[in-house]
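Examination of the molecular architecture
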Amino acid sequence: MAGKTRQIKNLKKSFEIASLPGQIIVLIIISSVLFFILWPVVSVLVKSIIIDGKIDFSCYADLFTRNRGLLANSIFVACLSTILSVFFGTCIALYLTHTNHFGKKIVFGTLLVTMISPPFVSSLSYIMLFGKRGLITHNLLGLSLNPYGWQGIVIMQSVGYTTLCSLIIAGVIRGIDRNLEQASLDLGAGKIETLIKVTLPLAKPGLIVAALIACVKSLSDFGTPIIIGGGFNVLATESYLNVIGLYNLPMAASMSVLLLIPALLAFIYYRRQIRFSNFFSGRMNTNGIMAFRITGFIDLVIILVTWSFVLFEILKYSTIFWGAFAKTWGFNYAFTLKHIKTINFEKLGSIIRSLEYAFIAGMVGTIIGLILSYLIGRKKIWGCEFFDFISTLPFMIPGTFFGIGYIIAFHDEPFALTGTGFIIVVNCIFRQLPISTKAGLAVLTQIDPELEFSAQDLGAGRLSRIKDIIFPMMKPAFLVSFINTFTTTMTTIGAIIFLISPSSKVATVVMFDAIQNGNVGQGAVFANIIIIVVVFVNIGFSKLLLRHHGIRTG
């Protein structure tokens, strides 16, 4: 008993932050989380009800009277997009886990490629394929259809969110205990009955997570409705226009709060479902039993959905690539380099700027996230649960809310930072901080604290223990965090478009401007450049890090 008490005391002692540098680091990390996450959120809430120094709910009254259709449109599109993307994602996940058909590597590779695409690629390809001068509608079918409206928004959002839904659901299905499926079959249930009554209920956590992420993404998406929505307006679009066009920050803040409410309710529902439901069997699929193979009509549906998605993605990226070299899309498809030649020094600077911002955000965000995860998971600092919740907020709130929060919080003195490269990088860092922190916490749970005790008994100091034991073992979290933050910074626009100035434009904003101005060729050029850069940096960084530490990359 005495030995156990001494061990606990040593544990507490080893986790104390006694040194002055340690205290300074903790203070900086905690202050940055409060300042760059909590303060913008509070600023939006305050701005939505404080107008000209007085409490005023007129913006909300206006939203629920004259503009109530915006909320209805947003919810309508979000619900349809969520249902379709989860259905498509489930079909693709089952194709990967419960069929023996060919081409699984092609399907999985397609999913990975679509994960690193910049925004508006789907919208751009939609216009190029199905627009009034679209390749399919006009050139092949001779039709002159109006592709703009809620239908186009739902289709493009559904296809765009299918990738993430597929990967999430497939990951959960792969963890199901196959003994349960086999037991169902042995007791006389058919494959379809087993799928409906065993497999899908056990995969419910993945379905819930996928649905909630798709719903939040749809609610906060302003780019797709702007490009292909036509006269169909949603809250996110109007929020963007109220900031950029009208500079009506109170109204934009009110719209953002309305976007935040369903996102928070969805996240709370998800946490409740995961906490109080026993969906998992409590045992991972480590017994080597193969999943049963789906046959019949459902198998045909799964094949049709999966390969329709793959073929559409291949067509989409082929169109984007071709569009960069086609002379005049819709009229003259002859090869030309004129679109590439239009990339002058200013536009080239946006690409270099994107790389610079993404690399800084990836490195700094990863370091902050790993340190924060160590403080929460190992040091158990005072209020660690509260700081864990605050650091998770960017994952819950829509990107437009986060961007408007930054323009409100950091527009006036003494914190006038909008329009600078610094605030763009900071926004990207803290927008992706939940992924960095959760990745670090996941790895920390697998590191036995006894390793630190042993090093301490051998005379290793606190800094040596962190440098030589903790951080080397957190390489997987470092890799995941860096790639996620780098890729997102290279491809994001939802939050940072409110903070951009002409001198700090990034490649995604230039691409967005080109698409809005009808310059399809230049938009396609930037889309190709962003995709190629992200692919090469991700592959190169992964191989460099893994090879440096003696891990074979295959």
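Here, every reference points to the structure presented above.
Note that the coordinates shown come from a computational prediction; the quantities given were computed from them, not determined experimentally. (Residues numbered from 1 in each chain as written. Predicted model: local features only at pLDDT ≥ 70, side-chain atom pairs only at ≥ 80, totals over all residues. Heavy atoms only, no water.)

1. Some points on the overall build of the protein chain
Operational definition: Only DSSP runs of H or I covering at least 4 residues are called helices, and only runs of E covering at least 2 are called strands; the numbering of each starts at the N terminus. For the exposure calls, accessible area comes from a 1.4 Å probe over protein chains only, and a residue counts as buried if that area is under 20% of its type's maximum, exposed if over 50%, partly exposed in between. Contacts: residue pairs with any heavy atoms within 4.5 Å of one another. Where accessible areas are quoted, they stem from the Shrake-Rupley method and a 1.4 Å probe; at the residue level, only the protein chains shown are allowed to cover.
A count of helical and extended segments in the protein chain gives 26 helices and four strands. Taking all 554 residues of the protein chain together, 52% fall into the buried category. Look at the contacts in the protein chain between residues 6 or more apart in sequence, and 80% of them connect residues 24 or more apart. A total accessible area of about 25,800 Å² is found for the protein chain, and carbon and sulfur atoms account for 67% of it.

2. Observations concerning unusual backbone geometry
The backbone of Asp52 sits at a positive phi, close to 55°, despite the residue not being glycine. Classification of Asp52 by relative accessible area gives exposed; the value is 75%.

3. Concerning the pattern of salt bridges
Put simply, the rule reads: Between Lys or Arg on one side and Asp or Glu on the other, a salt bridge is scored when a side-chain nitrogen of the former is within 4 Å of a carboxyl oxygen of the latter.
Under the criterion given, the structure shown has four salt bridges. Across the salt bridge formed by Glu193 and Lys197, the nearest N and O atoms sit 3.2 Å from each other. Separated by four residues within a single helix, Glu193 and Lys197 lie in helix 10 (residues 191-202), roughly one turn from each other. Judged by relative accessible area, Glu193 falls into the partly exposed class, the value being 37%.

4. Quick word on the pairing of strand 4 (residues 332-335)
Heads up, the condition is: In short, DSSP must find at least two bridges between two strands for them to pair.
In this sheet, strand 4 lies alongside strand 3 (residues 326-328) in antiparallel orientation, the contact comprising two bridges. Opposite Thr328, over in strand 4, you have Asn332 as the bridge partner. Following strand 3, the chain reverses through three residues before pairing antiparallel with strand 4; Gly330 in that reversal takes a positive phi of roughly 95°.

5. With respect to a nonpolar patch on the surface
Which entries qualify depends on this criterion: Within the patch definition used here, like charges are joined within 9 Å and nonpolar side chains (Val, Leu, Ile, Met, Phe, Trp, Tyr) within 5 Å, considering only residues with over 30% relative accessible area and no salt bridge.
A grouping of Trp39, Val42, Val46 and Phe415 is seen on the molecular surface, where their side chains present a nonpolar patch of about 320 Å² in accessible area. Mapped onto the elements, Trp39 comes out in helix 2 (residues 20-49). For Trp39, a relative accessible area of 36% corresponds to the partly exposed category.

6. Some thoughts on the environment of Ala72
Turning to its location among the elements, Ala72 is positioned in helix 4 (residues 68-97). Sequence separation of Ala72 and Leu235 is 163 residues, and the distance between their C-alpha atoms is 9.0 Å.

7. Quick word on the nonpolar core
Note the threshold: Think of a nonpolar core as a cluster: buried Ala, Val, Leu, Ile, Met, Phe, Trp, Tyr and Cys residues, connected wherever their side-chain atoms sit within 4.5 Å. Each domain span listed reflects an automatic or database assignment of domains.
The biggest cluster of nonpolar side chains holds 150 residues, and the ones touching the most others in it are Tyr406, Ile407, Phe430 and Phe512. Residue-level mapping places this core at the junction of two domains, with at least three residues from each of domain 1 (16-49 + 357-505) and domain 2 (67-317). If near-sequence neighbours (up to four positions away) are discounted, Tyr406 is found in contact with Phe36, Pro40, His411, Thr418, Ile423, Val426, Asn427, Phe430 and Leu499.

8. With respect to the environment of Leu207
Counting through the fold element by element, Leu207 comes out in helix 11 (residues 204-220). Taking C-alpha positions, Leu207 is 9.4 Å from Phe87, a pair spaced 120 residues apart along the chain. Those residues in contact with Leu207 that lie beyond four places of it in its chain are Val86, Thr90, Ile169 and Leu200.

9. Description of the packing of aromatic side chains
This is how it is decided: Aromatic contacts are taken between Phe, Tyr and Trp rings whose centres are within 6.5 Å, Trp giving its six-membered ring; a plane angle under 30 degrees counts as stacked, one over 60 as edge-to-face, and the others as tilted.
Under the criterion given, the structure shown has 25 aromatic pairs. When the ring of Trp322 is compared with that of Trp329, the centres are 5.4 Å apart and the planes differ by 80°; the resulting orientation is edge-to-face. Residue class for Trp329 comes out buried when judged on its relative accessible area of 13%. Following the ring pairs from residue to residue traces out a cluster consisting of Phe35, Phe36, Phe402, Tyr406, Phe410, Phe415 and Phe430.

10. Here we look at helix 24 (residues 475-491)
The test is simple: How far a helix is expected to stretch is found by multiplying one less than its residue total by 1.5 Å.
In this model, helix 24 (17 residues) spans 24 Å end to end at C-alpha, consistent with the 24 Å of a helix rising 1.5 Å per residue. Among all positions in helix 24, only Ala477, Phe478, Leu479, Ser481, Phe482, Thr485, Phe486, Thr487, Thr489, Met490 and Thr491 are buried.

11. A look at the packing of helix 9 (residues 178-186) against helix 10
Here is the rule: Structural elements are reduced to axes, namely lines fitted to C-alpha atoms, with helices fitted over the stretch in contact, and the angle between N-to-C directions of any two is expressed from 0 to 180 degrees. In this scheme, roughly parallel covers angles under 35 degrees and roughly antiparallel covers those over 145, while 65 to 115 is roughly perpendicular and the rest are oblique. We call a crossing left-handed when the near helix sits turned anticlockwise from the far one by less than a right angle, and right-handed when that turn is clockwise. Residues are grouped as follows: nonpolar covers Ala, Val, Leu, Ile, Met, Phe, Trp, Tyr, Cys and Pro; charged covers Asp, Glu, Lys and Arg; every other residue, Gly included, is treated as polar.
One way to put it is that helix 9 packs onto helix 10 with a least axis distance of 10 Å and a crossing angle of 150°. With respect to each other, helix 9 and helix 10 are oriented roughly antiparallel. Helix 9 and helix 10 meet at a crossing whose hand is right-handed. On the side of helix 9, the interface is formed by Leu180, Glu181, Ser184 and Leu185, while helix 10 contributes Lys191, Thr194, Val198, Thr199 and Leu202. Each residue belonging to the contact of helix 9 with helix 10 can be placed in one class, and the counts come to four nonpolar, three polar and two charged.

12. A word on helix 5 (residues 104-115)
Here is the rule we go by: The directions considered for the arc are those from the helix axis to the C-beta atoms.
Here helix 5 contains 12 residues, and its C-alpha end-to-end distance of 17 Å stays within 8% of the 16 Å for a straight helix at 1.5 Å per residue. Among the residues of helix 5, Val107, Thr110, Leu111 and Thr114 are the ones counted as buried. Looking down the long axis of helix 5, one finds its buried residues gathered within 100° of arc, a one-sided arrangement. Structurally, helix 5 contributes buried residues whose contacts are with helix 4, helix 8 (150-174) and helix 15 (297-323).

13. Some points on the packing of helix 10 against helix 11
Axes are the key here: two packed helices are described by the angle between their axes and the distance separating the axes. It is the contact of helix 10 with helix 11, at a shortest axis distance of 4 Å, that shows an interaxial angle of 60°. By the angle class used here, helix 10 and helix 11 are oblique. Across from Leu200, Pro201 and Leu202 in helix 10, the residues of helix 11 making contact are Lys204, Pro205 and Leu207. Residue classes in the contact of helix 10 with helix 11 are distributed as five nonpolar, no polar and one charged.

14. A closer look at the environment of Phe292
Mapped onto the secondary structure, Phe292 falls in the loop between helix 14 (249-276) and helix 15. Separated by 107 residues in sequence, Phe292 and Leu185 have C-alpha atoms that sit 8.9 Å apart. Contacts of Phe292, omitting those with residues within four sequence positions, involve His98, Glu181, Leu185, Lys191, Thr194, Leu195 and Thr199.

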